[in-house]
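Single-letter residue listing:
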Amino acid sequence: WREEQIEQFTYLITSGEEKRQWILNDYEFKDPCSKHWPEELRTRIRQFEESANALVKEMYRRRGWIHSSDHQQYARDASEDSDSDDDDF
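Residues numbered from 1 in each chain as written. Predicted model: local features only at pLDDT ≥ 70, side-chain atom pairs only at ≥ 80, totals over all residues. Heavy atoms only, no water.

Asker: Just to check I follow, could you spell out the overall build of the chain for this structure?
Answerer: Looking only at helices and strands, one finds three helices and zero strands in the chain. When the helices and strands of the chain are read in sequence order from the N terminus, they spell out α-α-α. Expressed as a percentage of the 89 residues in the chain, the buried residues total 15%. At a minimum sequence separation of 6, the contacts of the chain that also span at least 24 residues come to 57%. Put simply, the chain shows about 7,700 Å² of open surface, and 51% of that area lies on carbon and sulfur atoms. (Helix = DSSP H or I, 4+ residues; strand = E, 2+ residues; numbered from the N terminus. Buried < 20%, exposed > 50% of the residue type's maximum accessible area, 1.4 Å probe, protein only. Contact = heavy atoms within 4.5 Å. Areas by Shrake-Rupley, 256 points an atom, 1.4 Å probe, with all protein chains shown as cover.)

Asker: What is the right way to look at the packing of helix 1 (residues 3-26) against helix 2 (residues 37-63) in this model?
Answerer: Two numbers describe a pair of packed helices, the interaxial angle and the distance between the axes. Their axes nearest at 9 Å, the elements helix 1 and helix 2 cross at an angle of 170°. Our classification of the angle between helix 1 and helix 2 gives roughly antiparallel. Contacts from Glu3, Ile6, Phe9, Thr10, Ile13, Thr14, Glu17, Arg20 and Gln21 of helix 1 reach helix 2 at Trp37, Pro38, Leu41, Ile45, Phe48, Glu49, Ala52, Asn53, Val56 and Tyr60. (Axes fitted to C-alpha atoms, helices over the stretch in contact; angles between N-to-C directions. Parallel < 35°, antiparallel > 145°, perpendicular 65-115°, else oblique.)

Asker: Help me out: how do you make sense of the side chain of His67 in this one?
Answerer: Among the secondary structure elements, His67 is positioned in the loop between helix 2 and helix 3 (68-86). Reaching out from His67, the side chain makes a polar contact with the side chain of Ser69 at a distance of 2.8 Å. Setting aside residues up to four positions removed in sequence, His67 forms contacts with Glu3, Asn53, Val56, Lys57 and Tyr60. (Polar contact = N/O pair within 3.5 Å; in protein donor to acceptor, adjacent residues only side chain to side chain.)

Don't take any of this as a statement about function, it's just geometry.
Structure follows, in structure tokens:
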């Protein structure tokens, strides 16, 4: 998996749930999952995102790639290095 695939998957699940609810309401069907499902779905998606992102981050680390969550840290480190180089002049 790649980072953007996790985002795409969670977007599709979330939008699919919204469309499911819309269709049920539009056709005036009773939603059998209305009580606890939306909360359960949000909890499961959050847990999935955390686990999947941790897995992808580890996979990226093993391959020597940079995960997007590390970009800010690398940019900050690079700017600090360039700032310290300016003191030499």
